[in-house]
Amino acid sequence: MLDKLYITPKQWLHILRWTLYTLLFLLAMMLQTVVFGNHTFLGVQPNFVPVVITCVCLREGAERGGLFALLTSLFWCLSGADEGSVSIAVLTIVPVLGSLLCSAVLANRFLPCLAITLATLFTEQTVIFLLKYFFGTMAGSRFLTDLIPCVLVSALAQPIVYLLVKRIERIGDAYESQ
Amino acid sequence: MIGLKKHWSGRAKLIVALALILAAVTAIASGLFGTTWAEKAVQTVLTPIRGGFASITRQIERYYNYVFGYESLEAKNDYLEKRIMEIEDQIRSADALERENAYLRELLNLSRQHDDYKFCDAYIVSWDSSSWKSTFTIGKGTNAGLETGMVAVTQYGQVVGMITEIGANWATVTTVMDTSLEISASLASSGHTGVVQGDYTSGERGKLRMIYLPSEAVLRNNDQVVTTGSTVYPKDLIIGYVIDAGYDETGVAKYALLEPAADFDTLEQIFIITDFVSEQNEANRATDTSEPTDASEPTGN
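Source: prediction; values computed, not measured.

**Q** Help me get a handle on the overall build of chain B, residues and values and all.
**A** A tally of regular secondary structure across chain B gives five helices and twelve strands. By residue count, 25% of the 301 residues in chain B fall in the buried class. Sequence-distant contacts in chain B: of pairs separated by 6 or more residues, those separated by 24 or more amount to 54%.

**Q** Outline the overall build of chain A, listing residues and values.
**A** Helix and strand content of chain A: nine helices and zero strands. Along chain A, helices (α) and strands (β) appear in the sequence α-α-α-α-α-α-α-α-α when read from the amino end. A buried classification covers 42% of the 178 residues belonging to chain A.

**Q** I'd love a proper account of the interface of chain B and chain A, names of residues and values included.
**A** The figure often quoted for interface size is the accessible area lost as the parts come together. On the chain A side, the residues contacting the 28 residues of chain B number 29 residues. Elements with a minimum of two residues in the side of chain B that touches chain A: helix H1 (2-7), helix H2 (10-33) and helix H3 (37-68) of chain B. Here the residues of the side of chain B that touches chain A sort into 17 nonpolar, seven polar and four charged.

**Q** Any chance you could break down the pairing of strand E6 (residues 182-187) of chain B for me, citing the residues and the numbers?
**A** Residue and element names in this part refer to chain B. Sheet analysis places E6 next to strand E7 (residues 193-199), joined by five bridges and oriented antiparallel. Across the sheet, Ala-185 pairs through a bridge with Gly-194, a residue of E7. Hairpin remark: E6 followed by E7, antiparallel, with five residues in the connecting loop; positive phi at Gly-191, about 85°. Two strands pair when backbone bridges link them, and E6 and strand E9 (residues 224-227) are joined in this way by three bridges, in the antiparallel orientation. Pairing of Ser-186 across the sheet is with Val-226, part of E9.

**Q** Provide a residue-level description of unusual backbone geometry, including the pertinent values.
**A** Backbone phi values are negative for most residues with the exception of glycine, while trans is the configuration of most peptide bonds. Residue and element names in this part refer to chain B. One non-glycine residue, Tyr-212, adopts positive backbone phi at about 65°. Within the element layout of this structure, Tyr-212 appears in strand E8 (residues 207-214). What makes Tyr-212 partly exposed here is the crowd of 16 C-beta atoms within 10 Å.

**Q** Which residues make up the sheet that holds strand E11 (residues 253-260) of chain B, and what values go with them?
**A** Ordered by their spatial adjacency, six strands build a closed barrel running E6-E7-E8-E11-E10-E9 (chain B), and the pairing between neighbours is antiparallel. Strand-to-strand, the axes of this sheet are offset by a mean angle of 45°, without reference to chain direction.

**Q** Let's hear about the packing of helix H4 (residues 64-78) of chain A against helix H5 (residues 85-104) of chain A: which residues, and what values?
**A** Residue and element names in this part refer to chain A. Their axes nearest at 8 Å, the elements H4 and H5 cross at an angle of 160°. Taken together, the axes of H4 and H5 are roughly antiparallel relative to one another. As H4 packs across H5, the resulting crossing turns out to be right-handed. Here H4 contributes Gly-65, Gly-66, Ala-69, Leu-70, Ser-73, Leu-74, Trp-76 and Cys-77 to the contact with H5, which in turn contributes Ser-85, Ser-87, Ile-88, Leu-91, Thr-92, Pro-95, Val-96 and Ser-99. Its residues assigned to classes, the contact of H4 with H5 comprises nine nonpolar, seven polar and no charged.

**Q** An account of the environment of Leu-237 of chain B is requested, with residue identities and associated values reported.
**A** Residues and elements named next belong to chain B. On the secondary structure map, Leu-237 appears in the loop between E9 and strand E10 (238-247). By C-beta crowding, Leu-237 is classed as buried, having 26 other C-beta atoms within 10 Å. Residues Leu-237 and Gln-158, spaced 79 residues apart in sequence, show a C-alpha to C-alpha distance of 5.9 Å. Not counting residues up to four positions away in its chain, the partners in contact with Leu-237 are Val-153, Gly-157, Val-159, Val-226 and Thr-227.

**Q** I'd like to hear about the pairing of E7 of chain B, residue by residue, with values.
**A** Relative to E8 of chain B, E7 of chain B runs antiparallel, the two being bridged by five bridges. Among the inter-strand pairings, Asp-199 of chain B is bridged to a residue of E8 of chain B, identified as Lys-207 of chain B.

**Q** Tell me what's going on with the packing of H4 of chain A against H2 of chain B, and back it up with residues and numbers.
**A** Remark: H4 of chain A packs on H2 of chain B, axes separated minimally by 9 Å, with the N-to-C direction vectors making an angle of 10°. Judged by the angle between their axes, H4 of chain A and H2 of chain B are roughly parallel. Along the contact surface, H4 of chain A presents Gly-66, Leu-67, Leu-70, Leu-74 and Cys-77 of chain A, while H2 of chain B presents Ala-12, Ile-15, Leu-18, Ala-19, Leu-22 and Thr-26 of chain B. Its residues assigned to classes, the contact of H4 of chain A with H2 of chain B shows nine nonpolar, two polar and no charged.

**Q** Help me get a handle on the nonpolar core, residues and values and all.
**A** Core analysis: the largest hydrophobic core is formed by 49 residues, its most contacted members being Val-52, Cys-55, Val-56, Ile-93 and Val-96 of chain A together with Ala-19 of chain B. Ranked by residues supplied to this core, first place goes to H5 of chain A with eleven residues. If sequence neighbours within four positions are ignored, Val-56 of chain A has contacts with Tyr-21, Gly-65, Phe-68 and Val-165 of chain A. The next biggest cluster of nonpolar side chains, apart from the first, holds 46 residues, and it includes Phe-136, Ile-138, Ala-171 and Ala-185 of chain B.

**Q** Outline H5 of chain A, listing residues and values.
**A** A rise of 1.5 Å per residue sets the reference length of H5 of chain A, with its 20 residues, at 28 Å; its end C-alpha atoms lie 29 Å apart and thus fit the reference within 8%. With respect to burial, H5 of chain A is a largely interior element, 17 of its 20 residues being buried.

**Q** Before we move on, could you go through helix H8 (residues 158-169) of chain A and cite the residues and values that matter?
**A** Residues and elements named next belong to chain A. For H8, built from twelve residues, the straight-helix expectation of 16 Å at 1.5 Å per residue is met to within 8% by its first-to-last C-alpha distance of 16 Å. The complete set of buried residues in H8 reads Gln-158, Val-161, Tyr-162, Val-165 and Ile-168. The arc that holds every buried residue of H8, seen down its axis, measures 130°, which confines them to one face. Away from its buried face by more than 90 degrees, H8 exposes Ile-160, Leu-163 and Arg-167. Looking at the buried side of H8, the elements it contacts are helix H2 (9-35), helix H3 (49-60), helix H6 (110-134) and helix H7 (142-155).

**Q** Quick one: what's the story with the confidence of the model for chain A, residue by residue and with numbers?
**A** Chain-level pLDDT for chain A is 81 on average; 89% of the residues reach the 70-or-more range. Summarising per-element confidence for chain A, the mean pLDDT is lowest in helix H9 (residues 173-177) of chain A (60) and highest in H4 of chain A (89).

**Q** Break down the confidence of the model for chain B for me, with residues and values.
**A** All names here are of chain B. For chain B, the average pLDDT comes to 79, and 85% of its residues sit at 70 or higher. Helix H5 (residues 279-300) is the least confidently modelled element of chain B, averaging 52 in pLDDT, while strand E3 (residues 151-153) averages 92, the highest of any element. Taken as a whole, residues 292-301 scores under 50 in pLDDT and shows zero contacts with residues more than four places along the chain or in a different chain. Reported confidence for the predicted complex is 0.80 by ipTM and 0.52 by pTM.

Parameters at a glance
- Residues numbered from 1 in each chain as written.
- Chains lettered and ligands numbered in written order.
- Predicted model: local features only at pLDDT ≥ 70, side-chain atom pairs only at ≥ 80, totals over all residues.
- Helix = DSSP H or I, 4+ residues; strand = E, 2+ residues; numbered from the N terminus.
- Buried ≥ 20, exposed ≤ 12 C-beta atoms within 10 Å, placed from the backbone.
- Contact = placed C-beta atoms within 7 Å.
- Nonpolar A, V, L, I, M, F, W, Y, C, P; charged D, E, K, R; others polar.
- Pairing = 2+ DSSP bridges.
- Axes fitted to C-alpha atoms, helices over the stretch in contact; angles between N-to-C directions.
- Parallel < 35°, antiparallel > 145°, perpendicular 65-115°, else oblique.
- Left-handed = near helix turned anticlockwise from the far one by under 90°.
- Core = buried A, V, L, I, M, F, W, Y, C linked by C-beta atoms within 7 Å.
- Expected span 1.5 Å × (residues − 1).
- Arc of directions from axis to C-beta.
- pLDDT = per-residue confidence, 0-100.

Structure follows, in structure tokens:
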């Protein structure tokens, strides 16, 4: 009974890895909502959360990464994100599909990750934009003036996030290879 | 595509399906119930974290502004200092105008009481006061119609002194506290006369001495001492108040120590009596007017 409660060093490293991912997600969330909540960066409000979710999902694979994407996007939605329920669907499905694509066709490297991050950001923002446009609360011209710059500026965070995720992913590599 | 199908596992499908279901459920729940308990729970957990993060952000912003906003703050500070100087200058001007207004209002009362007086106002530009001298300079002179021997008073008609030196745009006024100035004066209550001069002998600075008072003169504290009237000093201008009295060295005459009526400590603006009607002046004027008439008579004949 007690043997089952024992946590192996490998498991500790897994916990540490996923804790660091979670902290990275929280950091992105805080940066987005607190720091840039009432400030702009290069004229737009950047969107860091999709970047983190996508990077983690791509590095960890469609299953584990997908679960992380599902839980974090749910948390993101419940925290009062402007994107609402759309974020759960988009921030899970697009990274999962991206991860599958990377695994099957593309190499799991920086540039494919950047492309999928851009795709995630673009899809999420476009869906929200279309919904708002459909309900008449958004002018069509803002697609070019707000949406595209937001996607591009948010993607600027991708290299840093990618490197951080790559470093975190390596935690426990020694045990994995054994 | 084959590769993609190979990686498209049941778990991945489940995750995608769950994402769609959760998205739908949260959308419906949110639409039906507004803020759900789950949202409340997440917000409750996040609020202290956000609070701490906001606090750190504020500190960093302060530090950033301190480091990078120093130049702009300095420029802003310079601008604000200039503005303060301007505003202070305006306030000073307003204060000066207010004081001048009060002086002129009092002077108006004095003019009503003595409609024969003609005044010229002037500001004190410098003081030249030593232990043995009490004079000051005003910013007006002969250009303003002033002459030596004219009397300076306050807006309340209190004697300040007399112009003793004059230039085109300046004049030196020797105050009543200077020992060189002697003014014929009388006690307002009893009418006893004497001479008032500055007192540097009693050891009390800023006091006047009224001498040559008859021994029968009755002196009381706060008795008013006024000018008796002459060609120089108009009648009944207040010089000071009795604060002490006694017999002089000869023992046959009395003296009185006076507190000057004018407050020299706060004196800024004075009024020079440029003309007034006195018995002697009237007589002089009558003589002056009669002379041309006399002279004109032969011409007229």
